[in-house]
Amino acid sequence: MTFNPNSQLDPTSVTDARGGSRMGGGGGLAVGGGGLGIVLVIIYMLLGGDPSILMGGGSGGAGVDVNAPNSSALATCKAGTDANQREDCQIVGYVNSIEKFWQGSFQKSGLTYQHAETVIFSEGVSTGCGDATSATGPFYCPVDKNVYLDLTFFQELQDRFGAKDAPFARAYVVSHEYGHHVQDLLGDLQPGSDSGPASRSVRTELQADCYAGVWAHNAAATGFIQPLTPDQIAAADAAAQAVGDDHIQQSTQGQADPDSFTHGTSEQRVRWFTKGYESGAADDCDTFNAQTL
């Protein structure tokens, strides 16, 4: 069990766009699909590319209407007991916990946290960064400041890249994407033009991993999550390892090319997540000034 069964969920923080394609423009995904989407979509935008080209649209669309009435499916995600039984309610619970933590963290620093909606979709969706398909993988769009997620990604992560099928592996992915939102709010999600082991792109991703660990350290204090177990942290570590540049390149190309790294190695991603989890302090996640990654 992961969620406090007595916690009260707020399903309005997640928009349900499942049930068919909601894309506003033509064109297909221009990059490799499946688990590779998490490696390619955000980094393309960070490198200064036009996200509408990558994601299939002619221009950034208006995106999903996050103020539209939610589906009856998510509306029934009322309590922690629902999150312990249903995958979509798990996402609601994780988002509630993650945002409660970061709202408090920003407030302590004299800053204002801005809500980021999570949009669950299937097949395709229109976003502020252009159109996306299920092959894109989870991503954060800095244009509309929403997180986009197709739940089938987690099966892909398990089948293709060896991540554990465990609820807290999903928590790692969601909290990593919210790490990008935090970077965006702090002005750290900036375009770069490099790749490689010490590139800004890698530093950006490793900081998001560290922020995910910081939330995990404080998750139980939000009231939504029960105290984490070693098995749950191991599941998060396995998910971080599965999306390391070296692991993905070896799985898809048969070899790793460090000069093309944009997210960091499996070892780095696990280590920075662990650093955030052990510290619990966002100030310890300064990958941009770290001498050793």
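Positions within a chain are numbered from 1, following the residues in the order the chain's sequence is written. Local features in this predicted model are restricted to residues whose pLDDT is 70 or higher, and side-chain atom pairs enter the listing and the counts only when it is 80 or higher, whereas totals over whole chains, interfaces and linings include all residues. Processing note: side-chain calculations cover all non-hydrogen atoms of the structure and skip hydrogens and water entirely.

Describing the packing of helix 7 (residues 167-186) against helix 9 (residues 230-242)
A pair of packed helices is captured by two measures, namely the crossing angle of their axes and the spacing between those axes.
Moving on, step 1. The angle between two axes is taken between their N-to-C directions and runs from 0 to 180 degrees, where each axis is a line fitted to C-alpha atoms and a helix contributes only its stretch in contact. Numbering goes from the N terminus for both helices and strands, where a helix is a DSSP run of H or I of at least four residues and a strand is a run of E of at least two. For the pair helix 7 and helix 9, the least separation of the axes is 7 Å and the interaxial angle reads 55°. When the axis of helix 7 is compared with that of helix 9, the two are oblique. Considering the relative orientation of helix 7 and helix 9, their crossing is right-handed. Counting all contacts with helix 7, which are made through Phe168, Ala169 and Tyr172, the residues of helix 9 involved are Gln232, Ile233, Ala235, Ala236, Ala239 and Ala240.
Moving on, step 2. Under the grouping applied here, Gly and all other residues not named as nonpolar or charged are polar, the nonpolar ones being Ala, Val, Leu, Ile, Met, Phe, Trp, Tyr, Cys and Pro and the charged ones Asp, Glu, Lys and Arg. Taken together, the residues that form the contact of helix 7 with helix 9 break down as eight nonpolar, one polar and no charged. Should an angle fall under 35 degrees it is called roughly parallel, over 145 degrees roughly antiparallel, and 65 to 115 degrees roughly perpendicular, with every other angle called oblique. Less than a right angle of anticlockwise turn of the near helix away from the far helix marks a crossing as left-handed, whereas a clockwise turn marks it as right-handed. Note on contacts: a residue pair qualifies if any of its non-hydrogen atoms lie within 4.5 Å across the two residues.

A word on the sheet that holds strand 6 (residues 146-149)
Moving on, step 1. Ordered by their spatial adjacency, four strands build an open sheet running 1-2-6-5, and the pairing between neighbours is mixed. At either margin of the open sheet sits one strand with a lone partner, and together these are strand 1 (14-17) and strand 5 (139-141). Averaged over neighbouring strand pairs, the angle between their axes works out to 25° when direction is ignored.
Moving on, step 2. Note on pairing: two strands pair once DSSP finds at least 2 bridges between them. Examined bridge by bridge, strand 2 (residues 118-121) and strand 6 share three bridges and lie parallel to one another. By the bridge assignment, threonine 118 is partnered in strand 6 with valine 147.
Moving on, step 3. In the packing of helix 5 (residues 87-108) onto the sheet, contacts are made with strand 1, strand 2 and strand 6, and the angle to strand 2 comes to roughly 170°.

Quick notes on the confidence of the model for the protein chain
As a general rule, the predicted coordinates of low-pLDDT regions are not to be interpreted in detail.
Moving on, step 1. As a per-residue measure, pLDDT reflects the predictor's confidence and takes values from 0 up to 100. Overall, the predicted model of the protein chain reaches an average pLDDT of 81, with 77% of residues at or above 70.
Moving on, step 2. This stretch, residues 25-62, has a pLDDT under 50; its non-local contacts, to residues over four places away or in other chains, come to 106 contacts.

Digging into the state of the cysteines
Moving on, step 1. Disulfides are defined in this document as cysteine sulfur pairs within 2.5 Å. By the definition in use, this model includes three disulfides.
Moving on, step 2. Here cysteine 77 is linked by a disulfide to cysteine 89, with a sulfur-sulfur distance of 2.0 Å. Handedness here is read from the sign of the S-S torsion; for cysteine 77 and cysteine 89, about -80°, the answer is left-handed. With a gap of 12 residues between them, cysteine 77 in the loop between helix 3 (72-75) and helix 4 (80-83) and cysteine 89 in helix 5 connect regions that are remote in the sequence. The exposure classification of cysteine 77 matches that of cysteine 89, with both residues buried.
Moving on, step 3. Covalently, cysteine 129 is tied to cysteine 141 through a disulfide, its sulfur atoms 2.0 Å apart. Note on the cysteine 129 and cysteine 141 pair: the S-S dihedral is about 100°, so by sign convention the disulfide is right-handed. Classification of residues uses two cut-offs on accessible area relative to the type maximum, computed with a 1.4 Å probe and protein chains only: under 20% is buried, over 50% is exposed, and between them is partly exposed.

A short note on the nonpolar core
For soluble globular proteins, nonpolar side chains are generally found buried alongside one another.
Moving on, step 1. In this structure, Phe168, Tyr172 and Trp215 are the most contacted members of the largest nonpolar core, which totals 58 residues.
Moving on, step 2. Among the secondary structure elements, those contributing two or more residues to this core are helix 5, strand 6, helix 6 (152-161), helix 7, helix 8 (200-218), helix 9 and helix 11 (266-279).
Moving on, step 3. Examining the composition of this core, we find that nine residues originate from one element, helix 5, more than from any other.
Moving on, step 4. Once residues within four sequence positions are removed from consideration, tryptophan 215 is found in contact with Tyr94, Ser97, Ile98, Phe101, Phe168, Ala171, Ser175 and Ile225.
Moving on, step 5. Here, nonpolar core means buried Ala, Val, Leu, Ile, Met, Phe, Trp, Tyr and Cys residues that are tied together by side-chain atoms lying within 4.5 Å of each other. Ala17, Cys129, Phe139 and Cys141 belong to the second largest nonpolar core, which has nine residues in total.

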